[in-house]
Structure formats: C-alpha cells, structure tokens
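Here is what each chain is made of, one letter per residue.
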Amino acid sequence: MLAFGGPYGNREATLALLARAKELGIGGRNLICTGDVAAYCADPEATAGLLREAGATVVLGNCEQALGADAEDCGCGFAAGGRCDTLAAEWYAHCRRALSAGTRRWMAGLPETARFVLGGRHFAVVHGAPGEIARFVFASTPQAEKRAAIDRAGAEAVICGHSGLPFVQAVGAGLWLNAGAIGMPANDGTPRVWCALLTPRPGGTRVQLMALDYDWPVAAARMRAAGLPPAYAETLATGLWDSCEILPPAERAARGLALAPTTQDWLDKAPPVPANSAVPAAAS
Ligand SMILES: [Fe+2]
C-alpha cells in the first residue's frame, strides 16, 4: 500500500508519486489518497485525471466535498478572515473554474472512509478524523483524542491527511498515521513532499514515511501563470508555509526543521512505535 494525501492540484508532484509507485510495483486500489485532490496548485483537473486513471482509492477531502457541491468556500476550517482563509478564496475560485462537471461528480461520489486489512490489522482511511472531515490532527494532538477517534472508526489504525504534516504514532495498541501531503511541502524548509509505504511483516505492518523529490519549479511556474497566490508558489521552493495559523505550538516550533524519512514496525509482540516518529533531523 502506498498512502498519500493532499495532491492539491500539483500535477508534477502527482506524477512523481505515480512514478515512485511504479518503481515499487504498487498500483490501482493499493494507491490510497486521503483526499484534497484539488486545492492550492494550478492543475486540479489534470491531477484528478491522473489519480482516476491510476485507479487509486481516494477518500473524500473537504475540498472534494465543497467542490462536488459547488459550495461557496473550501470548508478547510481556517479562521474566518485569517491569512489562510483569505488566500483560500483565490485558489478555491481557480478550482471552481478549472474542474469539469464530470470531475465534480466523481468528487461528490467519493467515500468518507476507506477500509483495508494489512498484516492482520484493520485500517480506516479518512481525511481529517473519523466523522470529522475538517478536523486537524497533529502529532501533538492528545493521545486520548486519537484513541477515541480510532475506536469511533471501528479500526485498529487510522490513516489521515488534511493537516499536511506526516507522522506515525503509537496510540495504545493502535496506530495513527498521517501519510503526508504530496502537493505542498511539510513546512520543514525543504521542497520535498511526503507519502507512506505500508507493507505486511510477520506479526504486523511496517510503515515507512518517505520523502519525494519532484519538479517543483514547473509546478510553481504554473501557479504563477494561473494567477494563483504567489505565497503558495514560493512555499513549493522554500518548503516553508506562508502561515502557521492552523498549527499547535509544538508543530509551529518545528517550522524549518528538516524531517527525516523513517521506518517503524507495528508488530504484535514488539514494543509500540515511539511517538512523533517523523522527527526533525539534518537536511538530506
Ligand atoms: Fe483538507
């Protein structure tokens, strides 16, 4: 399984993800997207087309929910009048113009939850949190909230997106994974984007958070040519978010600290994986 989130209309990053999947021999429904196919970047229609053509499993993001219903705003959960809210109006309008009726219908029909069993463990894939599509869940979000959300999903592990920062974290005997976003960098000061490879192991599952390099200069140039907010085109180059207003203090403090790829085994008889295992490290 190759899990990823937030393609955000970034065609070049989506092509890089699909190329990595091909190298790994992964395709079709084993490509799992946590939603937000269309958002900040220039090519929402092409990005959706690539994922549909690949046969990927895609769960409903708040962006698909809004665009599928032709709602007035993206439903991201940004504070009204804040920097993110203001800029969202621009990229959301671009998405509304750029998407075909057929793609909107596809978006409107996406499921809120996808489920699979790997290594004997039951996974639920959602956008924000189970039953809360626009909920931001971070590594620093209290464990009790994650435990309750895993139980609510009727699963042993939850894979989510929406908040844009990859992490894998033990939650009691369960697991919470944010598979990262491929359409925007992880606010770590590098242009890399992130995805997660899940493979069965004897007694459980291996989770690898992997960085992807891709042709970000082209993606940024296409954003500028489309008249999208320059701040987000710059983020593709700098790896730093324009605003940290959605971030809790711990994640805000990690801005600009390069994340390290990580491998964790989630096994029946092994100790649980450590918390916050996507750790800052020297840039690679
Ligand atoms: Fe989202």
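Owing to the predicted nature of the structure, the values given are computational and were not obtained by experimental measurement.

So, how was this worked out
- Residues numbered from 1 in each chain as written.
- Predicted model: local features only at pLDDT ≥ 70, side-chain atom pairs only at ≥ 80, totals over all residues.
- Heavy atoms only, no water.
- Pairing = 2+ DSSP bridges.
- Helix = DSSP H or I, 4+ residues; strand = E, 2+ residues; numbered from the N terminus.
- Core = buried A, V, L, I, M, F, W, Y, C linked by side-chain atoms within 4.5 Å.
- Buried < 20%, exposed > 50% of the residue type's maximum accessible area, 1.4 Å probe, protein only.
- Contact = heavy atoms within 4.5 Å.
- Donors = N, O, S within 2.8 Å, 3.2 Å for Na, K, Ca; no water.
- Tetrahedral: all angles 85-135°; square planar, octahedral: opposite > 155°, others 65-115°.
- Polar contact = N/O pair within 3.5 Å; in protein donor to acceptor, adjacent residues only side chain to side chain.
- Salt bridge = Lys/Arg side-chain N within 4 Å of Asp/Glu carboxyl O.
- Axes fitted to C-alpha atoms, helices over the stretch in contact; angles between N-to-C directions.
- Parallel < 35°, antiparallel > 145°, perpendicular 65-115°, else oblique.
- Left-handed = near helix turned anticlockwise from the far one by under 90°.
- Nonpolar A, V, L, I, M, F, W, Y, C, P; charged D, E, K, R; others polar.

Draft legend 1. A look at the sheet that holds strand β11 (residues 262-267). Ordered in space as β3-β2-β1-β9-β10-β11, the six strands form an open sheet in which the pairing is mixed. This sheet does not close on itself; its edge strands, each paired only once, are β3 (57-58) and β11. Where strand β10 (residues 204-212) and β11 come together, six bridges link them in antiparallel fashion. From the neighbouring strand, Leu209 faces β11, where its bridge partner is Thr262.

Draft legend 2. Expanded view of the nonpolar core. Counting residues in hydrophobic clusters, the biggest one holds 88 residues, and the most contacted among them are Trp91 and Leu198. Setting aside residues up to four positions removed in sequence, Leu198 forms contacts with Met1, Ala3, Leu118, Phe123, Ile159, Leu177, Thr205, Arg206 and Val207. With 14 residues, the next largest nonpolar core counts Val126, Ile150, Ala153 and Trp176 among its residues.

Draft legend 3. Quick peek at the coordination of the iron ion. Within the protein, the atoms that donate to the iron ion are Asp36 (OD), Asn62 (OD1), His127 (NE2) and His162 (ND1), at distances of 2.0 to 2.2 Å. One can describe the donor arrangement at the iron ion as irregular, given that its four donor atoms subtend angles of 83 to 151 degrees at the metal. Spacing between the donor residues of the iron ion along the chain follows D-x25-N-x64-H-x34-H. Of this pair, Asn62 sits in helix α3 (residues 62-68) while His162 sits in the loop between β6 (157-160) and β7 (167-171), and the two are 100 residues apart along the sequence. Of the residues examined, His162 reaches a relative accessible area of 9% and is grouped as buried.

Draft legend 4. Region of interest: the side chain of Asn178. Here Asn178 shows up in strand β8 (residues 174-178). Overall, Asn178 belongs to the buried group, its relative accessible area being 0%. Of note is the side chain of Asn178, whose polar atom sits 3.5 Å from the backbone oxygen of Leu165.

Draft legend 5. Representation of the pattern of salt bridges in the model. Applying the stated criterion to the full structure yields 12 salt bridges. Between Arg222 and Asp43 there is a salt bridge; the shortest N-O distance is 2.6 Å. Linking Arg222 in helix α7 (residues 216-225) with Asp43 in the loop between β2 (31-33) and α2 (44-54), this pair joins segments that are 179 residues apart in sequence. Among the residues examined, Asp43 registers a relative accessible area of 11% and is labelled buried. Counted as one network, the salt bridges with shared partners bring together Asp70, Glu72, Arg96 and Arg104.

Draft legend 6. Fine view of the packing of helix α1 (residues 11-24) against α2. Where α1 contacts α2, the two axes come as close as 9 Å, and the packing angle between them is 20 degrees. Between α1 and α2, the angle falls in the class roughly parallel. As for how α1 packs across α2, the hand of that crossing is left-handed. Across the interface between the two elements, Arg11, Thr14, Leu15 and Leu18 of α1 pack against Ala46, Thr47, Leu50, Leu51 and Ala54 of α2. In the contact of α1 with α2, the residues fall into six nonpolar, two polar and one charged.

Draft legend 7. Quick look at the sheet that holds strand β4 (residues 114-118). With mixed pairing, five strands are arranged side by side in an open sheet as β4-β5-β6-β8-β7. Of all the strands in the sheet, the pair left with one neighbour each is β4 and β7. Across the sheet, the mean angle from the axis of one strand to that of its neighbour is 20 degrees, orientation sign disregarded. Two strands pair when backbone bridges link them, and β7 and β8 are joined in this way by five bridges, in the antiparallel orientation. Within β8, the residue paired with Val171 across the bridge is Gly174.

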